[in-house]
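# Descriptive structure summary
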Amino acid sequence: MVAPLRVGIAGLGTVGVEVVRLLERQGRVLTERTGRPVRVVAVTARSKAKKRGIDLSGIKWAKDALALASDPDVDCLVELMGGAGDPALSAIDTALKAGKSVVTANKALIAKHGLKLAKAAEKHGGALNFEAAVGAAIPVIKTLREGLAGTDISRVYGILNGTCNYILTRMEQEGLSFDECLKDAQRLGYAEADPSFDIHGHDTAQKLAILASLAFGTQVAQNSVYVEGISSIAPEDLRAAAELGYRVKLLGVAVRTAKGIEQRVHPTMVPKSSSIAQVMGVTNAVTIDGEGIPPITLVGPGAGGAATASAVVADIADVARGIRAAPFGRPVDKLQATEKAPMERHEGGYYIRLMARDHAGTAATIATRLAEQKISIESIVQRHPNGGEPPPSAGKGSPVPVILVTYATHEDAVHKALQAVQRDKVISGKPQVIRIEKN
């Protein structure tokens, strides 16, 4: 009889409880698939007395995560506490240095300390698995690390935060404001009481840094990611996008360029015909572009107890099978350092919404400033009742929305042109700029 894989779970929140349930329910199937029984032998959590709806009789309670990681009766530590530092960091580090394997759903920890922990796993022979850290049930980590190991990847991008996708979906479908949709997302439990980490793009940035490392063999570096959130997006932008054949999504994009690896998170217009544009609500999706293959898009639930637990259990199954893949697809000393690519170098199309003053000559001034920066316009929409440029007699009217879509240009050129337009005092307020990501 093969000895069981003895699992210790640190953290019995929604995900931890689901993992216990799933291991119990799938016990026989897991044994058949891995050739080894999997048993939860010890747990730890903030409160032992809390009612969790699962049977923990016969399972040892450790006083804390560090004690659990040090327990000689535990072969595999499952860390589900969260947080970029201690106690999660010390517990995982202790387990790996003892030669144990670790499974975690902790994206913040992997984004910040992943290289250090991967090195410990390499040195001491344990596995460090973190499929649940990005996209929950979507198997994007294994796809990049193992399924596409023989493919030269040029771009990986996706919707990596369900809260933002839910908000943008509701705004588009119901014409609601950002603030209205955010309040609704909080009421439904899709957004935290303090939603800033999600809506300002930092959650997506952590996940993107992990994906970029796997895709391009770079060191995980969240501070190399340009980050911009969705709070500036207005319903009129979503209406204009629809008319132009686009949909607005908060994307995390990592792409190989002639100047290095560009990593960025920001609201993006994507063609309605693209796979990523069809992903609505709290669903996540990741698209991978590689040499010799059509784009691969993985879609699924990116959060939630059951979805996250399924990825955790899949990682535990790999440990039971004896699989010891390099956490980031190659040895840590082979991962290349990367610098933050200045967004000024970014090249692509742009959507620009201006509130143009209703004066004669305004359109000509805007066109001149764009031409000075060699920016070519693909389309222009001026929402004025008479069409074309407003007559001089309309000078006292309200500012007129002007929407421009550019051909591929550099971000620096767009900023210089818009700064000049603002100095010319032919527009009111701050221009809205949204990048366009082609298929």
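This section reports on the structure supplied with the text. Remember, predicted model here, so these are calculated numbers, not experimental data.

### A word on the overall build of the protein
Along the backbone of the protein there are 14 helices and 17 strands. Projecting the C-alpha coordinates of the protein onto the three principal axes gives extents of approximately 90 × 45 × 35 Å. Looking at the 439 residues of the protein, the share that counts as buried comes to 53%. A separation threshold of at least 6 residues defines the contact pool for the protein, and within that pool the share at least 24 residues apart is 76%. One way to put it: in the protein the 53 positive side-chain charges average out to a point 3 Å from where the 45 negative ones average out.

### Remarks on the pairing of strand S10 (residues 260–271)
Extensive coverage of S10 is indicated by the burial of eleven of its twelve residues. Across two bridges, strand S8 (residues 226–227) lies against S10 in parallel orientation. Looking across to S10, one finds that Val227 is bridged to Val265. Judged from the twelve bridges that link them, strand S9 (residues 246–257) and S10 form a sheet pairing that is antiparallel.

### Some details on the pattern of salt bridges
Counted by the stated rule, this structure contains 30 salt bridges. The residue Glu174 makes a salt bridge to Arg170 at a minimum N-O spacing of 2.5 Å. One end of the pair, Glu174, and the other, Arg170, are both in helix H7 (residues 162–174), four residues apart, so they sit about a helical turn from each other. Judged by its relative accessible area of 44%, Glu174 is partly exposed. The shortest N-O distance in the salt bridge between Arg435 and Glu411 comes to 2.6 Å. Taken together, the positions of Arg435 in strand S17 (residues 427–436) and Glu411 in helix H14 (residues 411–423) put the pair 24 residues apart, joining distant regions of the chain. The pair Arg435 / Glu411 is uniform in exposure class, with both members buried. Overlapping salt bridges, with partners in common, bring together Arg6, Lys60, Asp71, Asp73 and Asp75 in one network.

### Considering unusual backbone geometry
Note the cis peptide between Asp86 and Pro87, where omega equals 10°. Although it is not a glycine, Lys425 adopts a positive phi angle of roughly 55°. Along the polypeptide, Lys425 turns up in the loop between H14 and S17.

### Side note on helix H13 (residues 362–372)
Taken as a whole, H13 has its buried residues at Thr362, Ile366 and Leu370. For H13, the arc enclosing every buried residue in end-on projection is 70°, short of the 170-degree limit, so these residues lie on one face. Next to the buried residues of H13 lie strand S13 (347–356), strand S14 (377–382), strand S15 (400–406), H14 and S17. Lys374 occupies a position one or two residues after H13 and carries a positive phi of about 60°.

### Looking at the sheet that holds strand S6 (residues 128–129)
If you walk across this open sheet you meet the six strands as S3-S2-S1-S4-S5-S6, and the pairing is parallel. In this open sheet, the two edge strands, each paired with only one partner strand, are strand S3 (60–61) and S6. For strand S4 (residues 76–79) and strand S5 (residues 101–104), the ladder comprises four bridges, and the chain directions are parallel. Paired with Val78 across the two strands is Val103, which belongs to S5.

### Regarding the packing of helix H1 (residues 14–25) against helix H12 (residues 305–321)
Contact geometry for H1 and H12: axes closest at 8 Å, N-to-C directions at 55°. By the angle between their axes, H1 is oblique relative to H12. In this structure, H1 crosses over H12, and the sense of that crossing is right-handed. On H12, the residues that touch Thr14, Val15, Glu18, Val19, Leu22 and Leu23 of H1 are Gly305, Ala306, Thr308, Ala309, Ser310, Val312, Val313 and Ile316. Per-class residue counts for the contact of H1 with H12 are nine nonpolar, four polar and one charged.

### Some details on the packing of aromatic side chains
Summed over all chains, the structure comprises two aromatic pairs. Measuring from centroid to centroid gives 5.2 Å for Phe130 and Phe328, while their planes differ by 40°, and the two rings are tilted. Residue Phe130 is found in the loop between S6 and helix H6 (140–147), and its partner Phe328 is found in the loop between H12 and S13; the two are separated by 198 residues along the sequence. Per residue, the accessibility class of Phe130 equals that of Phe328, and both read buried.

### As for the environment of Thr151
Position of Thr151 among the secondary structure elements: in the loop between H6 and strand S7 (153–159). Thr151 gets classed as partly exposed once you look at its relative accessible area, which sits at 21%. Taking the C-alpha atoms as reference, Thr151 lies 8.5 Å from Ile293; in sequence the two are 142 residues apart. Other than its neighbours up to four places away in sequence, Thr151 contacts Gly290, Glu291 and Ile293.

### With respect to the nonpolar core
In this structure, Leu77, Phe130, Val140, Ile167, Leu211 and Ile230 are the most contacted members of the largest nonpolar core, which totals 79 residues. Filtering out sequence-adjacent residues up to four positions away, Leu77 remains in contact with Gly8, Ala10, Leu68, Ala69, Ala91, Ile92, Ala95, Ser101, Val102 and Val103.

### Looking at the side chain of Glu411
Residue class for Glu411 comes out buried when judged on its relative accessible area of 4%. A polar contact is formed between the side chain of Glu411 and the side chain of Tyr350, at a distance of 2.7 Å. Those residues in contact with Glu411 that lie beyond four places of it in its chain are Met343, Glu344, His346, Tyr350 and Arg435.

### A short note on the packing of helix H5 (residues 107–124) against helix H10 (residues 202–216)
Where H5 meets H10, the axes come as close as 9 Å, and the angle between the chain directions of the two elements is 55°. With respect to H10, the element H5 is oriented oblique. Our pair here, H5 against H10, has a crossing hand that is left-handed. Listed contacts from H10 to Lys107, Ala108, Ile110 and Ala111 of H5 are Asp203, Gln206, Lys207 and Ile210. Broken down by class, the residue content of the contact of H5 with H10 amounts to four nonpolar, one polar and three charged.

Cut-offs applied
- Residues numbered from 1 in each chain as written.
- Predicted model: local features only at pLDDT ≥ 70, side-chain atom pairs only at ≥ 80, totals over all residues.
- Heavy atoms only, no water.
- Helix = DSSP H or I, 4+ residues; strand = E, 2+ residues; numbered from the N terminus.
- Buried < 20%, exposed > 50% of the residue type's maximum accessible area, 1.4 Å probe, protein only.
- Contact = heavy atoms within 4.5 Å.
- Lys, Arg positive; Asp, Glu negative; His and termini not counted.
- Charge placed at Lys NZ, Arg CZ, Asp CG, Glu CD.
- Pairing = 2+ DSSP bridges.
- Salt bridge = Lys/Arg side-chain N within 4 Å of Asp/Glu carboxyl O.
- Arc of directions from axis to C-beta.
- Axes fitted to C-alpha atoms, helices over the stretch in contact; angles between N-to-C directions.
- Parallel < 35°, antiparallel > 145°, perpendicular 65-115°, else oblique.
- Left-handed = near helix turned anticlockwise from the far one by under 90°.
- Nonpolar A, V, L, I, M, F, W, Y, C, P; charged D, E, K, R; others polar.
- Phe/Tyr/Trp six-rings, centres within 6.5 Å; stacked < 30°, edge-to-face > 60°.
- Core = buried A, V, L, I, M, F, W, Y, C linked by side-chain atoms within 4.5 Å.
- Polar contact = N/O pair within 3.5 Å; in protein donor to acceptor, adjacent residues only side chain to side chain.

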